[in-house]
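Structure assessment
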Amino acid sequence: MDMRAVVLDGPMEPEEMRVRRVAVPEPRAGWVRIKVEAFGLNRSEYHLRAGFATNARFPVIPGIEAAGTVDAAPGGEFAVGQQVVAMMGGMGREYDGGYAEYTVVPASSVIPVTTGLDWATLGALPEMLQTAHGSLYTGLAIEPGQSLLVRGGTSSVGVAAAVLAKEHGLTVFSTTRNPDRLDVLRELGVDHPIVDDGNVAEKVREILPDGVHAALELVGTNVLPDTLKATAIHGTVCFTGMLSDNWTIPDFYPMDYIPNGVRLTAYGGESSDLPADAFQRYVDLVAAGKLPIRIDRVFTMEQIGEAHRLMQDGGAIGKLVVRVGA
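Going along each chain's sequence as written, the residues are numbered from 1 onward. With pLDDT at 70 or above as the cut-off, local features in this predicted model cover only qualifying residues; side-chain atom pairs require 80 or more to be listed or tallied, and sums for whole chains, interfaces and linings still use all residues. Water and hydrogen atoms were dropped before computing side-chain values, which therefore reflect all heavy atoms in the structure.

The protein has the name NADPH:quinone reductase-like Zn-dependent oxidoreductase in an unreviewed UniProt entry, where Kribbella rubisoli is given as its organism.

What follows is the structure, encoded as structure tokens:
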């Protein structure tokens with residue numbers, strides 16, 4: 001039996017991506033085969049496709065997340081037909097990932113879910129919510145009543161982080177480089193949308209003179225010093241993303257780089273950082289209209305090149321999703 005999949009033979013331009021026929025993978029004990037209904041696009045897949053990834057192997061089916069139903073579970077961990085999502089754990093790097101009609105993943109990377117959400121919406125959630133949740137709770141240890149700055153607020157993780165933080169009772173500052181997107185941030189519940197002209201710290205401190213309690217850095221090391229300056233003494237900055245493709249700090253000298261009393265950490269976790277009950281609660285909130293997750297556009301598999309071009313160029317506000325079965 002064969003299936004449709006996107007296979008990368010090596011680094012390539014978005015327009016070179018193609019769907020081809022390949023054999024359906026067979027699961028072994030401890031692994032689960034999922035019939036994929038939808039998958040979200042992520043920056044790490046762009047890095048892999050563009051040749052930036054240091055742990056790449058080719059050929060490979062990319063994709064660090066997927067949503068669908070269990071097709072086979074030799075170890076009996078899940079019932080056939082169970083709604084599930086899968087993410088991380090080496091998907092799309094160490095073994096073939098979610099850009100396919102079927103994917104085989106370790107049972108430890110699978111989260112069961114029960115929902116009436118459409119597949120495209122469910123497919124948008126796993127990695128986005130996992131990264132936002134882990135950054136906020138593991139990286140920043142947020143508490144109700146605190147203030148949070150999201151640097152890179154119109155990215156999919158930025159959108160998710162803002163709405164999760166609001167749901168937890170924080171005051172949220174969020175940035176965009178495009179003034180036309182400020183209203184989108186307001187609609188998501190952001191208290192203080194800010195145009196990022198490179199000097200966000202000054203704008204934050206005009207509103208909150210002592211700085212924010214917590215800051216989530218999604219843009220990269222090129223703006224990290226300014227994000228640190230926007231953060232209060234004993235506050236924490238969590239480096240999670242690199243939308244600018246800047247992820248290293250040359251000649252890092254901590255005493256010169258980090259303001260006195262400000263903490264700098266990072267987050268790059270796994271699916272285990274988002275417990276199944278927490279993911280189900282978030283899914284239920286989305287279904288109830290109480291967690292306003294934003295999907296920019298839904299593509300078919302045959303439009304994967306167009307989707308990757310939009311992601312690479314930063315043209316989306318929120319999540320890009322591919323609907324496999326439609």
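Of all the positions in helix H10 (residues 304–312), only Ile-304, Gly-305, Ala-307, His-308 and Met-311 are classed as buried. Here the buried residues of H10 occupy an arc of 160 degrees about the axis, which is enough to place them on one side. The inward-facing, buried residues of H10 abut strand S1 (2–6), strand S3 (31–40), helix H1 (43–50), strand S14 (295–299) and strand S15 (319–323). Backbone geometry just downstream of H10 places Gly-314 in the positive-phi region, at approximately 70 degrees. For every residue, the accessible area (1.4 Å probe, protein chains only) is compared with the maximum for its type, and the residue is labelled buried under 20%, exposed over 50%, or partly exposed between those bounds. Comment: elements are numbered from the N terminus, with helices defined as DSSP H or I runs of at least four residues and strands as E runs of at least two. It is the directions from the helix axis to the C-beta atoms whose arc is reported. Any two residues having at least one pair of non-hydrogen atoms within 4.5 Å are treated as being in contact.

This part is about the UniProt feature "domain: Enoyl reductase (ER)" (unreviewed entry) in the protein. If you check UniProt for "domain: Enoyl reductase (ER)" (unreviewed entry), the listed places come out as residues 10–322 in our numbering. Helix makes up 27% of residues 10–322 and strand 25%, whereas the separation of the span's terminal C-alpha atoms amounts to 21 Å. UniProt positions are given in the numbering used here, feature names are shortened, and annotations may be inferred rather than shown by experiment.

Turning to H1, its buried residues are Glu-45, Tyr-46, His-47, Leu-48 and Arg-49. Those residues of H1 that are buried lie in contact with S3, strand S4 (65–72) and H10. Backbone geometry just after H1 places Gly-51 at a positive phi near 95 degrees.

Okay, the domain arrangement of the protein next. Split by domain assignment, the protein resolves into domain 1 (2–127 + 270–323) and domain 2 (140–266). The gap between the C-alpha centroids of domain 1 and domain 2 is 27 Å. Across the contact, 17 residues belong to domain 1 and 15 residues belong to domain 2. Throughout, the accessible surface (probe 1.4 Å) given up by two parts as they are put together, summed over both, is called the buried area. Of the roughly 1,400 Å² buried between domain 1 and domain 2, counting both surfaces, carbon and sulfur atoms make up 62%. For the domain 1 face of the interface with domain 2, the top three residues by lost area are Arg-43, Pro-292 and Ile-317, together amounting to 32%. Just to be clear on terms, a salt bridge is a Lys or Arg side-chain nitrogen sitting within 4 Å of an Asp or Glu carboxyl oxygen. Run the count over domain 1 and domain 2 and you get two salt bridges. Residue ranges labeled as domains rest on an automatic or database domain assignment.

Within the element layout of this structure, Leu-41 appears in the loop between S3 and H1. Note: C-alpha distance between Leu-41 and Thr-300 (259 residues apart in sequence) is 12 Å. In contact with Leu-41, other than residues within four places in its own chain, are Glu-65, Tyr-99, Ile-304, Ala-307, His-308, Met-311, Lys-319, Leu-320 and Val-322.

What follows deals with the environment of Arg-205. Along the chain, Arg-205 falls in helix H6 (residues 200–207). Under the relative-accessibility criterion, Arg-205 is labelled partly exposed at 30%. Taking C-alpha positions, Arg-205 is 20 Å from Leu-140, a pair spaced 65 residues apart along the chain. Here Arg-205 is in contact with Asp-210, Gly-211, Lys-229, Ala-230, Thr-231 and Ala-232, once residues within four sequence places are set aside.

What follows deals with the packing of helix H3 (residues 126–139) against helix H4 (residues 156–167). Orientation of H3 relative to H4, taken along the N-to-C sense of each, is 55 degrees, at an axis distance of 8 Å. Here H3 lies oblique to H4, going by the angle between them. Of the two elements, H3 crosses H4, and the hand of that crossing is right-handed. Residues Met-128, Leu-129, Thr-131, Ala-132, His-133 and Leu-136 of H3 pack against Ser-156, Val-157, Ala-160, Ala-161, Leu-164 and Ala-165 of H4. Counted by class, the contact of H3 with H4 contains nine nonpolar, three polar and no charged residues. Throughout, an axis means a line fitted to C-alpha atoms (over the contacting stretch in the case of helices), and angles, computed between N-to-C directions, take values from 0 to 180 degrees. The scheme is simple: roughly parallel for angles under 35 degrees, roughly antiparallel for over 145, roughly perpendicular for 65 to 115, oblique for anything else. What makes a crossing left-handed is the near helix being turned counterclockwise from the far one by less than a right angle; a clockwise turn instead makes it right-handed. Note that Gly is not counted as nonpolar here; it falls among the polar residues with everything else outside the nonpolar set of Ala, Val, Leu, Ile, Met, Phe, Trp, Tyr, Cys and Pro and the charged set of Asp, Glu, Lys and Arg.

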